[in-house]
Amino acid sequence: MTTPAPALDTLRQSLAQVRTEVGKAVVGQDGAVTGLIIALLARGHVLLEGVPGVAKTLLVRALSHALSLDTKRVQFTPDLMPGDVTGSLVYDTAEGEFEFRRGPVFTNILLADEINRTPPKTQSALLEAMEERQVSVDGVSLPLPEPFIVAATMNPIEYEGTYTLPEAQLDRFLLKLVLDIPERDAEFEVLRRHATGFNPRDLAGAGVTAVLGSDGLAAAQASVASVGSSPDVLAYIVDLARATRSSPSVRLGVSPRGTTALLASAKAWAWLGGYDSITPDHVQAMVLPVWRHRIQLRPEAELEGVSVDAILRGIVQQIQVPI
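Computed from a prediction, not measured in an experiment: that's the story for all the values here.

Bringing helix 3 (residues 56-66) into the picture now. In an α-helix, one full turn covers 3.6 residues, which means residues spaced three or four apart are oriented alike. By the criterion of burial, helix 3 is predominantly enclosed, with 8 of the 11 residues buried. If you check which residues of helix 3 are buried, you get K56, L58, L59, V60, A62, L63, S64 and A66. S68 lies just past helix 3 and shows a positive phi near 55°.

Let us now look at unusual backbone geometry. Residues E146 and P147 are joined by a peptide bond in cis, for which omega reads -5°. Here P147 shows up in the loop between strand 7 (140-143) and strand 8 (149-154). Look at A55: it is not a glycine, yet its phi comes out positive at around 75°. With respect to the secondary-structure elements, A55 resides in the loop between strand 1 (45-49) and helix 3. Its identity as a non-glycine residue notwithstanding, E114 has a phi of 50°, on the positive side. The residue E114 is located in the loop between strand 5 (109-113) and helix 5 (120-123) in this model. With relative accessibility at 24%, the residue E114 sits in the partly exposed group.

Read from one edge of the open sheet, 5 strands run 2-5-8-1-9, paired in parallel fashion. The sheet is open, and its two edges are formed by strand 2 (71-75) and strand 9 (173-178), each paired on a single side. Sheet twist, expressed as the mean angle between neighbouring strand axes with direction ignored, is 20°. Strand contacts of helix 2 (residues 30-41): strand 1, strand 8 and strand 9, with the helix running at about 175° to strand 9, the strand carrying the most contacts.

To continue, consider the packing of aromatic side chains. The tally for this structure, following the rule as stated, stands at 1 aromatic pair. Ring centres 6.2 Å apart and planes at 70° place the aromatic pair F100 and F106 in the edge-to-face group. For R12, the ring lying beneath its charged end belongs to W271, and the centroid distance is 4.7 Å. Between the NZ or CZ atom of R102 and the centre of the ring of F106, over which it lies, the distance is 4.6 Å.

Residue placement: D113 occurs in strand 5. A polar atom in the side chain of D113 sits 2.8 Å from the side chain of R73.

In terms of nonpolar packing, the biggest core is built from 74 residues, with L41, W271 and V283 touching the most fellow members. Top element by residues in this core is helix 2. It accounts for 8 residues. Non-local contacts of V283, meaning those with residues more than four positions away in its chain, are made with V233, Y236, I237, L240, L262, A266 and I278. Counting 24 residues, the second largest nonpolar core, distinct from the first, contains V105, L126, V135 and A152.

The final tally for this structure, using the stated rule, is 14 salt bridges. With a shortest N-O distance of 3.5 Å, R172 and E131 are connected by a salt bridge. Residue R172 is located in the loop between helix 7 (167-170) and strand 9, and its partner E131 is located in helix 6 (residues 127-132); the two are separated by 41 residues in the primary sequence. As a salt-bridge pair, R193 and E189 come within 3.0 Å of each other at their nearest N and O atoms. Placement of both R193 and E189 in helix 8 (residues 184-195) is noted, with a separation of 4 residues, approximately one turn of the helix.

Taken together, L89, Y91 and F98 make up a surface patch of nonpolar side chains, about 340 Å² in accessible area. Mapped onto the fold, F98 is located in strand 4 (residues 97-102). Take F98: its relative accessible area is 55%, and that puts it in the exposed class.

Scoring rules and cut-offs
Numbering of residues starts from 1 in each chain and follows the order in which that chain's sequence is written. Predicted model: local features are reported for residues with pLDDT of at least 70 only, side-chain atom pairs are reported and counted for 80 or more only, and whole-chain, interface and lining totals are derived from all residues. Side-chain calculation: all heavy atoms of the structure are included, whereas hydrogens and water are not. Burial status follows relative accessibility: with a 1.4 Å probe on protein chains alone, a residue under 20% of its type maximum counts as buried, one over 50% as exposed, and anything between as partly exposed. Starting at the N terminus, helices and strands are each numbered in turn, a helix being any DSSP run of H or I of at least four residues and a strand any DSSP run of E of at least two. Only when DSSP finds a minimum of two bridges between them are two strands counted as paired. Here, axes are lines fitted to C-alpha atoms. For helices the fit covers the stretch in contact, and angles between N-to-C directions go from 0 to 180 degrees. Throughout, a residue-residue contact means that at least one pair of heavy atoms, one from each residue, lies within 4.5 Å. Only rings of Phe, Tyr and Trp enter the pairing, Trp through its six-membered ring, and a pair is recorded when the two centres are within 6.5 Å. The plane angle decides the type: under 30 degrees is stacked, over 60 is edge-to-face, the rest tilted. By definition here, charges over rings are those cases where NZ of Lys or CZ of Arg is within 6 Å of the ring centre and within 35 degrees of the ring normal. Here a polar contact is taken to be a pair of N or O atoms separated by no more than 3.5 Å, where protein atoms must pair a possible hydrogen donor with a possible acceptor and residues adjacent in sequence count only if both atoms sit in side chains. The set of buried Ala, Val, Leu, Ile, Met, Phe, Trp, Tyr and Cys residues whose side-chain atoms join them within 4.5 Å is what this entry labels a nonpolar core. Whenever Lys or Arg places a side-chain nitrogen within 4 Å of a carboxyl oxygen from Asp or Glu, that contact is recorded as a salt bridge. Patch membership requires over 30% relative accessible area and the absence of a salt bridge. Like charges are linked within 9 Å, and nonpolar side chains (Val, Leu, Ile, Met, Phe, Trp, Tyr) within 5 Å. A 1.4 Å probe and the Shrake-Rupley method give the accessible areas. Residues count as covered only by the protein chains that appear here.

Shown next, in the form of structure tokens:
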């Protein structure tokens, strides 16, 4: 059963309004807001990279507030244990048996703050949740709520006391969004709001209201999944991926999971624009955020200052676009 066209237009308008609501709390990060919405529509996870103070945490909180979704925040630290994320078995003396106490992963949006500050042992505790959307405890699989995404933050300039994310975990993030320092006008607006009493911990006081719930988001996700894709565009995605594997500067190129991630993201971007099927333009728009964290450079390329984004832009320019 397909959603009627007027209802789809209403859903798109509601998601556009979500951007407006988030803008009441976060200034100058419109691209990141759109990226998070695309991730929700494509049912994928997001890695947010930016220096401290560019509103990464506030962005996630404002988005979940505007979508009326439950969110929990976990501060990843070197001593964090897997059970602190997924939950653990606790002995109930009254009942004389163990019971499972659910961890913060049982939520709609899990904010994994500074995810690279915890060892790989704890980082890997999220792998099952991110891929299977469930947590296995004592042989029993417990489903996570729908929708469920992980929004993880990283600081790109601070390496002391951090751990490199395993390749398997990086590959499970649909998008990597880079939050830059806002432009002068946007930074002035941030300061003006604080000067007039803005409190980032009081989203309701800032005027952020819920405009779409989980049912509306589920309907939008179903509609996104039905967006079409021609064989020519699918072949274009494959050619782009194969070009990353043959680049002389690349040690590890995009995997097949990366191609399906690009397809899902392009579908979400096309749907937001009112398209019934994806075009090469939609694919090109999503190449950087979907693939920038899936490529590993050769050591000599890193020493020469080659960036993954530059390689991807070059590949997009080189590969013939289907007409």
